[in-house]
Amino acid sequence: MFLSAFPNSEQCENFRYTKDVFAPNSIQIISNVSASSLDYVYAICTAECFANWACNAVDVCGTFCRLIRGWDSLYSEENSTDVCQRYQIECSQGEYYDRLSKACVAHEFCDFESDPGTVCFLGEDSSDDGNWIRNSGTTNTASTGPSTAKFGSFYKYMDAATLKRNDEVTLVSTRTFMAKSYCLTFYYHMFGTQTGTLTVLTQNGTSSAETKWTVSGENQDVWREVPGIDLNLDSQTKILITATRDNGDYGDIAVDFVQLWPYPC
Ligand SMILES: [Ca+2]
Ligand SMILES: [Ca+2]
Ligand SMILES: [Ca+2]
């Protein structure tokens, strides 16, 4: 329903909302994607809207999914919970909208546009078989790898032609985490007839790493979204993103726009 209201739908890479309110007079079609800053429209919402105040919250995604619209309570008094206002807020790059605090909050991401990225929480593992290569445009081998980044100009990839079978290259987290649940999202590209495996793992201290997500043998020239991997982290736990080469050069594996959100998916 909302998607069809966006005139610039080609810019919408992603779209999420929690749920609609169901009173007809509480819903307004959002059509002005280009509006910015705060935009208040008063309306009456159903009680259900406030049982779950995230109700009807909409993230309108430009490049980085930072424009958020929704409804929240106009008055904090308990007996005024049926009156709400529409809000719109656009967060800066590297921030997300925290609906609980109603504020833009910084989060960590790696878009590989700068090297090293100022807020990137991943670095190169030094105990693996090679390195992820920061790159723009096509990779070194034809018929494998992306031809452009998912976002911006740069991505990172495993260059299969420089490695041997079963070699691994790993991005490893470079900071400590709080003891809580996080959500990892990213985009990957696995084009080539000999693509190996991409795996997300966590490793607590020196214990063996646990696989949290994996995909093998894709052969599509597309960037795919990983919408969310729940990771329970703490100060002793690392995140590992490992690409494993299969048996040939046509197996480049790329990632872009890796984000770590400080709440469960
Ligand atoms: Ca990028
Ligand atoms: Ca390495
Ligand atoms: Ca290539």
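Parameters and conventions
- For every chain, the first residue of the written sequence is number 1, and numbering continues from 1 along that sequence.
- Labels follow written order: the first chain is A, the first ligand is 1, and so on.
- With pLDDT at 70 or above as the cut-off, local features in this predicted model cover only qualifying residues; side-chain atom pairs require 80 or more to be listed or tallied, and sums for whole chains, interfaces and linings still use all residues.
- Helix and strand labels come from DSSP, where a helix needs a run of H or I of at least four residues and a strand needs a run of E of at least two; each type is numbered from the N terminus.
- For every residue, the other C-beta atoms within 10 Å of its own C-beta are counted; 20 or more classify it as buried, 12 or fewer as exposed, and values in between as partly exposed. C-beta atoms are placed from the backbone.
- Note that contacts rest on C-beta atoms placed from the backbone: two residues are in contact if these are within 7 Å.
- Only strands joined by at least two bridges in the DSSP assignment are considered to pair.
- A fitted line through C-alpha atoms serves as each axis, taken over the contacting stretch for helices, and the angle formed by two N-to-C directions is quoted from 0 to 180°.
- One nonpolar core equals one set of buried Ala, Val, Leu, Ile, Met, Phe, Trp, Tyr and Cys residues connected by C-beta atoms within 7 Å.
- Every residue is assigned a pLDDT by the predictor, reflecting its confidence on a scale from 0 to 100.

Asks: Before we move on, can you summarise the overall build of the chain with the specific residues and values?
Replies: Secondary structure assignment for the chain yields 1 helix and 18 strands. Out of the 265 residues belonging to the chain, those deemed buried represent 31%. Here the analysis covers contacts within the chain between residues at least 6 apart in sequence; of these, 68% occur between residues at least 24 apart.

Asks: Can you explain the pairing of strand S12 (residues 168-173)? Please cite residues and give values.
Replies: In this structure, strand S9 (residues 122-124) lies alongside S12, joined through 3 bridges in antiparallel fashion. For Gly123, the partnering residue across the bridge sits in S12 and is Val172. Bridging between S12 and strand S17 (residues 237-244) involves 5 bridges; their strand directions are antiparallel. Counted as the bridge partner of Val172 is Leu240 from S17.

Asks: Explain the sheet that holds S9 residue by residue, including any values.
Replies: One open sheet holds the 5 strands; their spatial order is S9-S12-S17-S14-S15, and the pairing between them is antiparallel. Edge positions in the open sheet fall to S9 and strand S15 (210-216), since each of these has one partner strand only. On average, each strand axis in the sheet is tilted by 20° relative to the strand beside it, whichever way the strands run.

Asks: Residues and numbers for unusual backbone geometry, please.
Replies: Notably, Phe112 is not glycine yet its phi reads approximately 65°, a positive angle. Along the polypeptide, Phe112 turns up in the loop between strand S8 (108-110) and S9. For Phe112, a count of 28 C-beta atoms within 10 Å translates into the label buried. Even without being glycine, Ser143 reaches a positive phi, approximately 65°.

Asks: Can you tell me about the nonpolar core, naming the residues and giving the values?
Replies: Counting 38 residues, the largest nonpolar core has Tyr188, Ile253 and Val255 as its most contacted members. Among the secondary structure elements, those contributing two or more residues to this core are S8, strand S11 (155-158), S12, strand S13 (180-189), strand S14 (197-204), strand S16 (223-233), S17 and strand S18 (253-261). Counting residues per element, this core draws most heavily on S18, which supplies 6 residues. Leaving out residues up to four positions away in the same chain, Tyr188 has contacts with Leu198, Arg224, Val226, Ile253, Ala254 and Val255.

Asks: Pulling in residues and values, what's your account of the confidence of the model for the chain?
Replies: Per-residue confidence for the chain averages 76 on the pLDDT scale, and 63% of its residues sit at or above 70. Ignoring residues within four places in sequence, the model shows residues 1-57, a span with pLDDT below 50, making 95 contacts including any to other chains.

Asks: With reference to specific residues and values, describe the environment of Leu198.
Replies: Looking at the secondary structure, you find Leu198 in strand S14. Contacts of Leu198, omitting those with residues within four sequence positions, involve Tyr188, Met190, Thr214, Val215, Ala243 and Ile253.

Asks: Any chance you could break down the environment of Gly130 for me, citing the residues and the numbers?
Replies: Structurally, the position occupied by Gly130 is in the loop between S9 and strand S10 (133-135). Accessibility expressed as a C-beta count within 10 Å gives 18 for Gly130, which makes it partly exposed. Gly130 sits 29 residues away from Asp159 along the chain, and the two C-alpha atoms are 9.1 Å apart. With residues up to four places along the chain from it excluded, the contact list for Gly130 reads Thr162, Leu163, Asp167 and Val169.

Asks: Could you give an account of the environment of Thr139, naming the residues involved and the relevant values?
Replies: Following the sequence through the fold, Thr139 ends up in the loop between S10 and S11. A residue is classified by how many C-beta atoms lie within 10 Å of it, and Thr139, with 24 of them, is buried. Considered as a pair, Thr139 and Tyr157 are 18 residues apart in the sequence and their alpha carbons are 8.3 Å apart. Setting aside residues up to four positions removed in sequence, Thr139 forms contacts with Thr144, Gly145, Tyr157, Asp159 and Asp252.

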